[in-house]
Amino acid sequence: MRGGMRNKMPEQPANIRNHNFQEVALGYDEKTAIDEAQRCLNCLKPRCVQGCPVNVSIPNFIHEITEQNFGAAIRVLKDKNSFPAICGRVCPQENQCEKNCILGIKGEPVAIGRLERFVADYARQNELDQMPTTETIAKKQKVAIVGSGPSSLSCAGDLAKLGYDVTIFEALHAPGGVLMYGIPQFRLPKEIVQHEIDQIKTLGVKIMPDVVIGRTFTIDELMQEEGFAAVYVATGAGLPHFMNIPGENLNGVYSANEFLTRVNLMKAYEFPKVATPVYIGKKAAIVGAGNVAMDAARTAKRLGAETVYVVYRRSEEEMPARKEEIGHAREEGIEFRLLNNPLEILGDENSWVKGMKCIKMELGEPDASGRRSPVAIAGSEYILDVDMVVMSIGQGPNPLIKMTTPHLETNKRGNIVADAVGQTSMPGVFAGGDIVTGAATVISAMGAGKKAAVAIDAYLKEK
Amino acid sequence: MNKILMKKELSPQVFEIMVEAPLVAHKCKPGQFIMIRVDESSERIPLTIGDFDREAGTITLVVQEVGNTTRHFCQDFNVGDTILDVVGPLGTPSEMSKFGTVVCVGGGIGVAPIYPIARAYKALGNKIISIIGARSKDLLTWADKMAEVSDKLIITTDDGTAGHKGFVTDPLKAMLEKGDKIDYVIAIGPVIMMKNVASTTLPFHVHTVASLNSIMVDGTGMCGGCRVFVGKENKFACVDGPEFDAHKVDFANLMQRQKMYKNQESVEYGCGGHCQCVEE
Ligand SMILES: Cc1cc2nc3c(=O)[nH]c(=O)nc-3n(C[C@H](O)[C@H](O)[C@H](O)COP(=O)(O)OP(=O)(O)OC[C@H]3O[C@@H](n4cnc5c(N)ncnc54)[C@H](O)[C@@H]3O)c2cc1C
Ligand SMILES: Cc1cc2nc3c(=O)[nH]c(=O)nc-3n(C[C@H](O)[C@H](O)[C@H](O)COP(=O)(O)OP(=O)(O)OC[C@H]3O[C@@H](n4cnc5c(N)ncnc54)[C@H](O)[C@@H]3O)c2cc1C
Ligand code: SF4
Ligand code: SF4
Ligand code: FES
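Given the structure is predicted, the values throughout are model-derived calculations rather than measurements.

## A closer look at the packing of aromatic side chains
In this structure the tally under the stated criterion is 16 aromatic pairs over all chains. Taking 5.6 Å as the distance between ring centres and 40 degrees as the angle between the ring planes, the aromatic pair formed by Y254(A) and F259(A) counts as tilted. Across the pair, F259(A) and Y254(A) agree in class, each one buried. These aromatic residues form a ring-pair network of at least three members: F21(A), F186(A) and Y269(A). The residue whose ring lies beneath R119(B) is F52(B), and the NZ or CZ to ring-centre distance is 5.5 Å. Looking at K145(B), its charged tip hangs above the ring of W142(B), at a distance of 4.0 Å from the centre.

The following block contains the structure:
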């Protein structure tokens, strides 16, 4: 048996990469990938597969790598996972497939995500993943897909392969959802997302940007007037939350969504070459500790903030972000103010941020979720010297569809209610991804899209 | 789609632009707006739908040059050119009802957005009194169109070159003090004007709404950049608005937030730079 250590991922050095937007992780080369693949025991009852939300046949694709059959490997992957190049980069593998890997008990688990990424990149570069064009297939009924995030794209792709006439409606000018406007270039290059979108298009899927469902058309209008036989709604969790503390409306305070959208979607880092500006302070506080917060912090650093704090009211252990991203952020010089809670943002005479009043916290009794809840330490207030604040404390569902589709059942948080295959309270209307689950992961959103495609096919065949 | 069909200069730096936008024209209601991105490197900016023709599939915008994007749009785009992205209609439409007597107050560039609202209120049987104002006679826009949909049209100019000399709030105040029956007031224009309309009507308890022009990015409720403080809570102007109860709006916060990119853009303000809409 091989040693317990996995192959290291080559990366840009931290003090160089925190000044550029190029990808941080550089990917395995062929030799390293084969070496890493050889660590896999090809278990008869592979525990890793259970940990993957879409049950990728992990030992099979890894086995194909050891045989240098990269074309076969990509086919195994794509059978369950529409976007391995994306999931290999952004999946929280340490909590999913890799967490379960048998090798992880005594040593380090097989680097499943890195291998997935390698296969997908190899396939893209060597054009092993060309989609069949479907022009010859007679088009069946029309299906509308609302939103163009990973859930929508996977659903659209699968339905197109089944011969449906699929149209994606996207509110923004560019498709891709969070993959385009949220996750930064240095973690997920936009060319990769664009490649997946182009692939979906070669399957015959039409993409209509600049259409807001609920405004340009309602769901009822899509079905009754525009001739769509079924609709899949995957509008994500795009509504930013604020803390509702004093000073949140001062100039220099952003939601993470606004900050990241200005930079990623509108390319504000090229201002004034592009017209959209973004403000970067000298000292920035990012409130929250999820993936979104890490992305905001590392983006602020890259755009020139000298000091970047991540302010989080719980401790290291509870931080929801991926371990790898927290590590990357640390290496890049992000400072963590854990067990600290903002109370108020302070402004100068022109209503610009000039500081943030925080209070120190300690961990108390475990709460309902089993996490030890933070309790404020009386008298520990202090002022953190910052001139920029990014609120990154979570997102909820956008209310537009709910407001304009009264008979579509939603729960008290505003998420659409759907069963395991995406069926909603309205016949012919399916939903999945973050709009159903609340903010989750790319892979679960993608998995929901695949399940819904099967359910939509069944529904339309019966109809 | 998105082709410019007509362009006309209404006054210096203000243009009326008719765009082919069938999806928007098909659906839009008074009080709604669109977001445009004129070309690849441009900002997404919100513009109110000043007029629309459902049959022809066209919408009409009235655009004032105030900064980079609006200048680029007004100067470099002509009949036959295409706008890269047009999305809409956005925002919650104006509340439509028979209120009785409605006063429509439009200031500067705010006259065009108020026109379809006045027209719709008129069609519902309301009595329309319109007060439109500008700094000077040659900056007045759409007075003729407003006259067509109003029972009474009052014009004010700061310098007295047309109509009454003074602000739009002067005739409004006079009517209220005289005891004229007014059931509903809607104000669209520079923030300082909307703020003053609100404080004029407040003592008389007349329901007043203002259409807020906060800085926007997506216009779909995703970024929170357009947040405005209304009645002690944050609202997103692009989804919850743009119209809000003017007596509850924190106008000072809106003015402050509009200046967020002042340094970066060395902005020329709404009315040319030296009017009251910037500094109080
Ligand atoms: C900054 C950031 C970092 C993240 N990092 C990770 C990570 O590392 N790993 C991971 O697994 N997950 C990560 N996530 C979460 C992940 O991106 C989401 O769970 C996933 O994108 C959800 O996919 P979705 O298809 O449900 O929706 P989204 O990706 O949110 O896409 C929804 C799309 O619908 C559009 N839309 C919304 N309303 C309408 C409407 N009315 N009409 C038309 N279109 C509409 C939106 O504009 C958007 O394009 C991150 C999220 C963010 C914001
Ligand atoms: C709902 C709504 C409806 C509007 N309707 C009209 C209209 O019908 N006609 C018209 O001429 N103008 C309208 N505006 C204002 C118009 O959007 C701004 O003048 C324009 O965005 C300025 O862009 P700029 O690049 O030319 O100027 P900049 O130099 O970028 O900015 C000048 C000033 O305009 C404001 N501004 C800048 N960017 C935005 C933005 N993305 N969103 C909103 N305001 C911004 C700020 O106050 C800024 O200080 C409307 C605004 C809103 C919110
Ligand atoms: S999709 Fe994600 S969880 Fe599944 S095998 Fe790939 S990296 Fe692991
Ligand atoms: S559990 Fe680990 S060793 Fe076993 S098949 Fe999965 S990846 Fe390979
Ligand atoms: S413009 Fe982004 S939420 Fe309103």
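After that view of the structure, there is still more to cover.
## Some points on the nonpolar core
Of all hydrophobic cores here, the largest spans 72 residues; its most connected members are I58(A), F61(A) and I65(A). A total of 8 residues in this core trace back to one element, the largest contributor, which is helix α19 (residues 442-462) of chain A. Summarising the domain contributions, this core has at least three residues from each of domain 1 (14-125) and domain 2 (142-238 + 397-462) of chain A. Residues within four places of I58(A) in sequence aside, it is in contact with C48(A), V49(A), C52(A), C97(A) and I112(A). Ranked by size, the runner-up nonpolar core spans 59 residues in total, among them V105(B), I131(B), F244(B) and V249(B).

## As for a nonpolar patch on the surface
All names here are of chain A. On the surface, a nonpolar cluster with roughly 270 Å² of combined accessible area is contributed by L41, I102 and I105. Along the chain, the position of L41 falls in the loop between α2 (30-37) and α3 (47-51). Overall, the relative accessible area of 43% leaves L41 in the partly exposed class.

## With respect to the interface of chain A and chain B
Counting residues at the interface gives 44 residues for chain A and 40 residues for chain B. Counting the surface lost from both chain A and chain B, the interface buries some 3,600 Å², and carbon and sulfur atoms represent 54% of this. Between the two partners, chain A and chain B, sit 1 salt bridge. Taken together, the links from chain A to chain B amount to 19 residue pairs in polar contact (both at pLDDT 80 or more). At the level of elements, β5 (239-240), β6 (253-255), α14 (256-265) and α17 (400-404) of chain A are the ones that each hand at least two residues to the side of chain A that touches chain B. With 4 residues, the single largest contributor to the side of chain A that touches chain B is α14(A). Here the side of chain A that touches chain B is built from residues that sort into 23 nonpolar, 14 polar and 7 charged.

Thresholds, definitions, all that
Residues numbered from 1 in each chain as written. Chains lettered and ligands numbered in written order. Predicted model: local features only at pLDDT ≥ 70, side-chain atom pairs only at ≥ 80, totals over all residues. Heavy atoms only, no water. Phe/Tyr/Trp six-rings, centres within 6.5 Å; stacked < 30°, edge-to-face > 60°. Buried < 20%, exposed > 50% of the residue type's maximum accessible area, 1.4 Å probe, protein only. Lys NZ or Arg CZ within 6 Å of the ring centre and 35° of its normal. Core = buried A, V, L, I, M, F, W, Y, C linked by side-chain atoms within 4.5 Å. Helix = DSSP H or I, 4+ residues; strand = E, 2+ residues; numbered from the N terminus. Domains from an automatic or database assignment. Contact = heavy atoms within 4.5 Å. Patch = residues over 30% accessible without salt bridge, like charges linked within 9 Å, V, L, I, M, F, W, Y side chains within 5 Å. Areas by Shrake-Rupley, 256 points an atom, 1.4 Å probe, with all protein chains shown as cover. Salt bridge = Lys/Arg side-chain N within 4 Å of Asp/Glu carboxyl O. Buried area = accessible area lost by both parts, 1.4 Å probe. Polar contact = N/O pair within 3.5 Å; in protein donor to acceptor, adjacent residues only side chain to side chain. Nonpolar A, V, L, I, M, F, W, Y, C, P; charged D, E, K, R; others polar.

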